[in-house]
2 protein chains.
Amino acid sequence: MSKRLVVAESVPPESQPETRKASAEPRGARRKRETHESLLRAAYKLIAERGADAVAIQEITEAADVGFGSFYNHFESKDAIHAAVLRMVFDGFGSALDRLTQAVDDPAQKVAVAARHTIAMAAKDPLWGQLLLREWSRPQSFSLGLGMRLLRDLSVGVAAKRFNVSDPLMGLIVAGGTIVSAVGLQLGLRGEGSRLIERAGLSAVDFDKRATITLLQALGLPPAEARKIVGRALPPLDWKPTFAAPPPIHPGP
Amino acid sequence: MSKRLVVAESVPPESQPETRKASAEPRGARRKRETHESLLRAAYKLIAERGADAVAIQEITEAADVGFGSFYNHFESKDAIHAAVLRMVFDGFGSALDRLTQAVDDPAQKVAVAARHTIAMAAKDPLWGQLLLREWSRPQSFSLGLGMRLLRDLSVGVAAKRFNVSDPLMGLIVAGGTIVSAVGLQLGLRGEGSRLIERAGLSAVDFDKRATITLLQALGLPPAEARKIVGRALPPLDWKPTFAAPPPIHPGP
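A quick note: this is a predicted structure, and the numbers were derived from the prediction, not measured.

(A) Structural context of the overall build of chain A. A count of helices and strands for chain A gives 13 helices and zero strands. Shown N-terminal to C-terminal, the secondary structure of chain A runs as helices and strands in the order α-α-α-α-α-α-α-α-α-α-α-α-α. Here chain A holds 253 residues, and 44% of them are scored as buried. Intrachain contacts of chain A at a sequence separation of at least 6 include 67% that bridge at least 24 residues.

(B) Representation of the nonpolar core. Formed by 130 residues in total, the largest nonpolar core has its most connected members in A43 and V85 of chain A together with A43, V85 and A175 of chain B. Residue contacts for A175 of chain B: discarding those within four places in its chain leaves V111, L150, L154, L215, A218 and L219 of chain B.

(C) Spotlight on helix 6 (residues 107-124) of chain B. Here helix 6 of chain B is 18 residues long and its end C-alpha atoms lie 25 Å apart, about the 26 Å a rise of 1.5 Å per residue gives. A large share of helix 6 of chain B lies buried, amounting to 14 of its 18 residues.

(D) The arrangement of the domain arrangement of chain A in detail. Residues and elements named next belong to chain A. Under the domain assignment used here, chain A contains domain 1 (27-75) and domain 2 (86-231). Computed over C-alpha atoms, the centres of domain 1 and domain 2 are 30 Å apart. Contact with domain 1, which involves seven residues of that partner, is made by six residues of domain 2. Grouping the constituent residues of the side of domain 1 that touches domain 2 by class yields four nonpolar, one polar and two charged.

(E) Region of the structure containing the environment of V55 of chain A. Residue and element names in this part refer to chain A. When you line up the elements, V55 lands in the loop between helix 2 (27-50) and helix 3 (57-64). Judged by the 23 C-beta atoms lying within 10 Å of it, V55 is buried. A C-alpha to C-alpha distance of 8.4 Å links V55 and A43, two positions twelve residues apart in sequence.

(F) Spotlight on the confidence of the model for chain A. All names here are of chain A. For chain A, the mean per-residue pLDDT works out to 84, and 82% of the residues sit at or above 70. Looking over chain A, one finds the lowest element-wise mean pLDDT in helix 1 (residues 2-9), namely 38, and the highest in helix 3, namely 97. Residue range residues 1-19 is modelled with pLDDT below 50. Its contacts to residues more than four positions away, or to other chains, number 18 contacts. Taken over the whole predicted complex, pTM reads 0.83, whereas the ipTM for its chain interfaces reads 0.81.

(G) Focus on the environment of A96 of chain B. Residues and elements named next belong to chain B. On the secondary structure map, A96 appears in helix 5 (residues 78-100). Its 16 C-beta neighbours within 10 Å are what place A96 among the partly exposed residues. Separated by 127 residues in the primary sequence, A96 and P223 have C-alpha atoms spaced 29 Å apart. Dropping the residues within four chain positions of it, A96 is found in contact with L237 and W239.

(H) Spatial organisation of the packing of helix 10 (residues 168-188) of chain B against helix 12 (residues 207-218) of chain B. Residue and element names in this part refer to chain B. Their axes nearest at 9 Å, the elements helix 10 and helix 12 cross at an angle of 160°. Taken together, the axes of helix 10 and helix 12 lie roughly antiparallel to each other. For the pair helix 10 and helix 12, the sense of crossing is right-handed. Facing V174, A175, T178, I179, A182 and Q186 of helix 10, the residues of helix 12 in contact are F207, A211, T214, L215 and A218. Broken down by class, the residue content of the contact of helix 10 with helix 12 amounts to eight nonpolar, three polar and no charged.

(I) Highlighting the environment of A56 of chain A. Residues and elements named next belong to chain A. Tracing the sequence through the fold places A56 in the loop between helix 2 and helix 3. Its 12 C-beta neighbours within 10 Å are what place A56 among the exposed residues. Sequence separation between A56 and A43 is 13 residues, and the spatial gap between their C-alpha atoms is 9.7 Å.

(J) Region of interest: the packing of helix 6 (residues 107-124) of chain A against helix 9 (residues 146-159) of chain A. All names here are of chain A. Axis separation between helix 6 and helix 9 bottoms out at 9 Å; the angle between their running directions is 155°. It follows from the interaxial angle that helix 6 and helix 9 lie roughly antiparallel. Our pair here, helix 6 against helix 9, has a crossing hand that is left-handed. Counting all contacts with helix 6, which are made through P107, A108, K110, V111 and A114, the residues of helix 9 involved are L150, D153, V156 and G157. Of the residues assigned to the contact of helix 6 with helix 9, the class counts are six nonpolar, one polar and two charged.

(K) Inspection of unusual backbone geometry at higher detail. All names here are of chain A. A positive phi angle is found at D65, which is not glycine, with a value near 60°. Along the chain, the position of D65 falls in the loop between helix 3 and helix 4 (71-74). With 9 C-beta atoms counted inside 10 Å, the residue D65 sits in the exposed group. Although it is not a glycine, K161 adopts a positive phi angle of roughly 55°. By the element assignment, K161 lies in the loop between helix 9 and helix 10 (168-188). Overall, the presence of 8 C-beta atoms within 10 Å leaves K161 in the exposed class.

Thresholds, definitions, all that
- Residues numbered from 1 in each chain as written.
- Chains lettered and ligands numbered in written order.
- Predicted model: local features only at pLDDT ≥ 70, side-chain atom pairs only at ≥ 80, totals over all residues.
- Helix = DSSP H or I, 4+ residues; strand = E, 2+ residues; numbered from the N terminus.
- Buried ≥ 20, exposed ≤ 12 C-beta atoms within 10 Å, placed from the backbone.
- Contact = placed C-beta atoms within 7 Å.
- Core = buried A, V, L, I, M, F, W, Y, C linked by C-beta atoms within 7 Å.
- Expected span 1.5 Å × (residues − 1).
- Domains from an automatic or database assignment.
- Nonpolar A, V, L, I, M, F, W, Y, C, P; charged D, E, K, R; others polar.
- pLDDT = per-residue confidence, 0-100.
- Axes fitted to C-alpha atoms, helices over the stretch in contact; angles between N-to-C directions.
- Parallel < 35°, antiparallel > 145°, perpendicular 65-115°, else oblique.
- Left-handed = near helix turned anticlockwise from the far one by under 90°.

Structure (structure tokens):
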């Protein structure tokens, strides 16, 4: 319990208002926090599996084992819980990636690490991969996650002439498209996809590395250099979706 | 009316059993044909807008103004009507593209024409673009449409060393991903997306051409050659989704 307290105190209090004093937390507050977390976890699973349009609030509350009415104590609408899920699973992942690569100067290396970890994350947590595929093409999702971070790294690389694409937007289309298609193909490899690939005489071995080499080549790096970058050890990323720290329901102005 | 008869007789009878003798068609057969078409058209719109998981058969019959029970006279299940829609809108488009480029020998030119028409088609018919985005990452959709055709053209280009990617599968990820991301960004430009792009100081002018140049560069063509290929006049493609010719409900063995 003391360990938990230490962890809670090491983060800024305003980001985790309800977990701050876990040991002294009144039962009502703890229940509220647990309900919030259950709702987010249920929404994550359902939205990833079926898409937000196919999920009713009542299905979320049933999956979370929470009364229908309680939903509105935590979220204003389905859009609100959807946005909260995206923030936690993509902004959370993106922040972890940012911390991992903050000392990396080379934009090509940065993009390579991000691509490999994104493909690996989708392999480790297919729900996460599924949600990424669904959200990639929604412009509403773009600003709050991985797309904007990729655009940022691409802009640096284009300005430094490290990447040979006409502009960052084109870089985003080719690099983001490659990552997302790799994720999609990889998820497909669990079923029908593997037969298709086999029938076409193709191989899925070392898929994440090959996709990342292809991506760097697409951004204009010579094949040998792309292979060299991807040949480097990948720094481990210890991150998984967590729903324990509720974001504020009504963010201030 | 005689013209209609000629058209009907010019196709093999087994492919259009119900439109064959249009002038002599009994009312019941015509109604059945029209109902079939209405169901497909309604399913196309609803599935494109919301995804198949979010659409109930009853919503399709209501949108088509058809009794719920009649649905099963035409399709065995929601999966069956979903598959029929995909066949008509993607296989139909792919076949039209194949006819358009059958005299083109250069795989780079072939892929460029396909990419530009795919992006243009999504701009002309946003529902079509929306459905393409939804289906791209579903392995079930892969075999019946554009993915397999692209893989075919990429395989030819890789074998002929026209494309400099390690193998056709990697070519598919980068080329397919670029096309689909371009379609997604373009759809996004109708709303929120345009503000994001503006804020980032980027431009969406000549989007289809720029995306296709980027795609060809990603496949290893030198920038000048990619620009030259995309600078050629695009042969027009006169195709739009049609639901008039019902595919056989129970294909023979």
